[in-house]
Amino acid sequence: MTRKAPREDVGDERLEIGSPKTWAGGVPAVGHALGTAYRQMGAGRTLLTLLRVNQKTGFDCPGCAWPEGDGHRSPAEFCENGAKAVAEEATVRRVTRDFFAEHPVDELARRSDYWLGQQGRLTEPMYKPAGSDRYEPISWQDAFGVVARELRALDHPDQAIFYTSGRTSNEAAFAYQLLVRRFGTNNLPDCSNMCHESSGSALTETLGIGKGTVLLDDLHRADLIFVVGQNPGTNHPRMLTALERAKRGGARIVSVNPLPEAGLLRFRNPQKASGLAGTGTALSDRFLQIRLGGDLALFQALSLLLLEAEDAAPGTVVDREFVEAHTHGFEDWEKHLRGLDGAGPDWAEVIEATGLTRAEIEETARDVLAARSVVVCWAMGLTQHRKSVPTIREVVNFLLLRGNVGRPGAGVCPVRGHSNVQGDRTMGIYEKPKPEFLDALEEEFGFPPPREHGHDTVEAIRAMRDGDARVFFAMGGNFVSATPDTAATEAALRRCRLTVQVSTKLNRSHAVCGEQALILPTLGRTERDVQAGGEQFVTVEDSMGMVHASRGRLRPASDVLLSEVAIVCRLARELFGDDPHVPWAEFEAGYDAIRERIERVVPGFDDFNARVRGPGGFALPNAPRDERRFPTATGKANFTVNALEVLRVPPGRLLLQTIRSHDQYNTTIYGLDDRYRGIRNGRRVIFVHADDLAERGLADGDMLDIVSEWADGERVAEGFRAVAYPTARGCCAAYFPETNVLVPLDSVAETSNTPTSKSVVVRLRRAAEDTAGGPAGETAIRRGGG
Ligand SMILES: Nc1nc2c(c(=O)[nH]1)N[C@H]1C(S)=C(S)[C@@H](COP(=O)(O)OP(=O)(O)OC[C@H]3O[C@@H](n4cnc5c(=O)[nH]c(N)nc54)[C@H](O)[C@@H]3O)O[C@H]1N2
Ligand SMILES: Nc1nc2c(c(=O)[nH]1)N[C@H]1C(S)=C(S)[C@@H](COP(=O)(O)OP(=O)(O)OC[C@H]3O[C@@H](n4cnc5c(=O)[nH]c(N)nc54)[C@H](O)[C@@H]3O)O[C@H]1N2
Ligand SMILES: [Mo]
């Protein structure tokens, strides 16, 4: 299958390529934030809205899941990309019924994600009947009638899929999973399946909790912080403030990345005068430019060096007391690393896998030896590979060795993406619910929830493709663009009897839809939520397990919008009639009633309604962090043995990673620039090392097609500009979602089933138009300065 560029993206006459930046933040960040906000919202609304982001009485930033500081919050506790996320939601642009009358579905399907998102906020429920190519207005009541009718018409509840994206509040998520289980299925895939599922799998097995074990203060107190497979300057800008503070306290920072990301190198804090004027803070003390997928080898090699240091000075390196009291499996792991089981890592493999020198790794090991407390932070660079779960297990081994879990300044820090993705999981959005959770639901509501595991994201696509699932319901997100193997996913959704999207903004999943389709427009975080019981607030959980309230103040984008909670509750009433088990109307009228139930079902929410009204909210209990207790199968923290496998590609091929630009939020494209990487006015670019280009007889600026090779055939994404870029050799990078078409559906991480979006085997070929001297010729690109 071959994917051409959408028509707005063809011809990148305006594309400009400059050099990558070596610092993040500063004056440009403030300027860009305000510029975007102003274009979407106008001046007054910009001020009113941005001042309320992440304030104790305001709304939770929909941008990312990075926690808010607990002490003093600066009056503008937002960042450039947080401001853009808010502006996208609080935009004054509107998609109305006239818009849908003008644009048939198949025309919308040919538009780019950028164009679709720029049309603005959805304003009323829309329905595309079977056989029609246009959405038309429908009343809420009739819309719920359509959903209930199609759900009832299924042979079995497992023929329905209920997806969730990570912006859904705790209250909406809890009510939603309750509806789904009351209906009779655990088919609750979510964006987490494509995101931090590998972290959850590895950490649950080894530490007994699928979450991180540090609080913000631990970062501030750490001696050494690893930032692995993460681009915080773009995706978690407020993290740079924490890193800056840690550095002031004497911490060293090691960044591990195939790309020299600007935010990892130097930070100019836009909230401080010194950051705006000065040269900023150099963040990374050491940059390890690793090959894609090389991290397992790196952490094994570091641990082996630590064991050897222990041999040289017994009793000084390994935290024996901790290892003996709190862990399991140390001896087997040690034997494996030392090669005593005949299968341990050898240096030649480590060097091939990582692309690093032995000296670099030895120097890093010396940093570790000098540090009393170590935190390892990571994001998608670790989670989206075939060997992601063993890699994260190896990070845990590395930390356990020196007792770097469950004490101040130390621990694991998987940095979450969507602002409430962690909370959604806590609320039961999970296709493999734990029996204890289902028992608690049954006890509370008095109906037997289904026990069989449901489909995750990849399995859901297969089920729709094979005709085993006929109704697809999405609580937020953009399933079509976010999932792998775009052509396969599109075909799968088109086979459905009905697809339903609860959304704030127009996106591709509205255009690539089932026989019948519904768009149910909903309130965003920034908007006032008034129900029968008065004005409501919702709650969210951040990346570090802090739960707090979020209250929007803006007037809703249209008077017709319903909150996510109201949509769930009204659909439930349509579906179950007078439900003896769940008081749906009461839930809708006032969310305190939902929180009372959460308190009785989910551990850690005692006195929920009172505590969440306190300033700053509260921390959920975390046994490894709080008491060095590890609720795993062995009752201890587990060392695990993981085989090192070098990721080799056939001759001439490269490993492609699919990443975010500085101007997007997942599939929502804010603009066409990637400032820190020196790209302006275009997204169809591929970053390749100059020597890798030269070896293939290609040059910077060439127009290329990217061909992904997999057992079932080739997948092609057409029309990308080659950009010679200082990435690790043998690796290349291009933006998601344009390149999702290249990720094979069956290429997934072991155990977590996460698509391998960061390691796709590809070859590059010159684009047909280019060799023919066609429209996309050399003149189209300009090289700017720094
Ligand atoms: N502004 C903005 N903020 C966001 C998002 C957004 O799209 N825009 N998305 C949100 C979401 S849902 C998420 S999950 C997070 C994502 O946050 P990130 O994980 O920072 O996002 P990516 O762009 O996928 O970047 C992956 C990084 O890992 C590196 N990397 C890739 N493969 C490897 C590897 O094998 N080893 C190592 N060591 N490094 C590797 C890449 O070079 C890149 O720097 O951000 C969240 N915040
Ligand atoms: N190739 C490749 N693919 C990837 C990734 C990658 O790195 N590479 N990253 C993966 C990751 S980490 C993730 S998390 C997924 C993201 O997958 P999704 O979460 O499915 O995608 P988003 O783009 O975040 O969803 C954007 C849409 O959500 C809707 N929305 C926004 N706010 C709200 C709200 O408050 N309520 C509701 N109901 N709707 C709202 C809007 O309509 C908007 O169009 O993508 C994954 N896909
Ligand atoms: Mo994510």
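No experiment lies behind these values; they were computed from the predicted model shown. (Residues numbered from 1 in each chain as written. Chains lettered and ligands numbered in written order. Predicted model: local features only at pLDDT ≥ 70, side-chain atom pairs only at ≥ 80, totals over all residues. Heavy atoms only, no water.)

A. Structural detail: the domain arrangement of the protein. Each assigned domain of the protein is listed here: domain 1 (118-195 + 427-614), domain 2 (201-415) and domain 3 (654-766). Spacing between the C-alpha centres of domain 1 and domain 3 amounts to 32 Å. Between domain 1 and domain 3, the residue contacts involve 18 residues of the former and 17 residues of the latter. Both sides of the domain 1 and domain 3 interface together cover about 1400 Å² of buried area, and 48% of this is carbon and sulfur. When the area that domain 1 buries against domain 3 is broken down by residue, the three leading residues are Val-458, Pro-484 and Asp-485, summing to 33%. The shortest N-O distance in the salt bridge between Asp-485 and Arg-715 comes to 2.7 Å. Across the domain 1-domain 3 interface, the total number found is twelve residue pairs in polar contact (both at pLDDT 80 or more). Those elements giving two or more residues to the side of domain 1 that touches domain 3 turn out to be helix 24 (457-465) and helix 25 (479-482). With five residues, helix 24 is the single largest residue contributor to the side of domain 1 that touches domain 3. Partitioning the side of domain 1 that touches domain 3 into residue classes produces six nonpolar, six polar and six charged. (Domains from an automatic or database assignment. Contact = heavy atoms within 4.5 Å. Buried area = accessible area lost by both parts, 1.4 Å probe. Salt bridge = Lys/Arg side-chain N within 4 Å of Asp/Glu carboxyl O. Polar contact = N/O pair within 3.5 Å; in protein donor to acceptor, adjacent residues only side chain to side chain. Helix = DSSP H or I, 4+ residues; strand = E, 2+ residues; numbered from the N terminus. Nonpolar A, V, L, I, M, F, W, Y, C, P; charged D, E, K, R; others polar.)

B. Quick peek at the sheet that holds strand 22 (residues 538-541). The three strands are arranged 22-23-24 in an open sheet whose pairing can be described as antiparallel. Among the strands making up the open sheet, the edge pair consists of strand 22 and strand 24 (618-619). Summarising the sheet, strand 22 and strand 23 (residues 546-550) pair through four bridges and their orientation is antiparallel. Of the residues in strand 23, the one forming a bridge with Glu-541 is Val-547. Set on the sheet, helix 8 (residues 170-183) makes contact with strand 22 and strand 23; between it and strand 22 the angle comes to about 90 degrees. (Pairing = 2+ DSSP bridges. Axes fitted to C-alpha atoms, helices over the stretch in contact; angles between N-to-C directions.)

C. Looking closely at the UniProt feature "domain: Molybdopterin dinucleotide-binding" (unreviewed entry) in the protein. In the numbering used here, UniProt assigns the feature "domain: Molybdopterin dinucleotide-binding" (unreviewed entry) to residues 654-760. For residues 654-760, helix accounts for 6% and strand for 39%, while the C-alpha atoms at its two ends are 8 Å apart. (UniProt positions renumbered as here; feature names shortened; annotations may be inferred.)

D. How the structure looks around the packing of aromatic side chains. Applying the stated criterion across every chain yields a total of 26 aromatic pairs. Centroid distance Phe-322 to Phe-630: 6.3 Å. Interplanar angle 80 degrees. Geometry classified as edge-to-face. Within this pair, whereas Phe-322 is found in helix 16 (residues 320-326), its partner Phe-630 is found in the loop between helix 32 (623-627) and strand 25 (637-638), the two being separated by 308 residues in sequence. In this pair, the class of Phe-322 matches that of Phe-630, namely buried. Taking 6.3 Å as the distance between ring centres and 25 degrees as the angle between the ring planes, the aromatic pair formed by Phe-576 and Trp-584 counts as stacked. Three or more aromatic residues joined by ring pairs make a cluster, and in this case those are Phe-99, Phe-100, Trp-115 and Tyr-135. For Arg-595, the ring lying beneath its charged end belongs to Phe-537, and the centroid distance is 4.1 Å. (Phe/Tyr/Trp six-rings, centres within 6.5 Å; stacked < 30°, edge-to-face > 60°. Buried < 20%, exposed > 50% of the residue type's maximum accessible area, 1.4 Å probe, protein only. Lys NZ or Arg CZ within 6 Å of the ring centre and 35° of its normal.)

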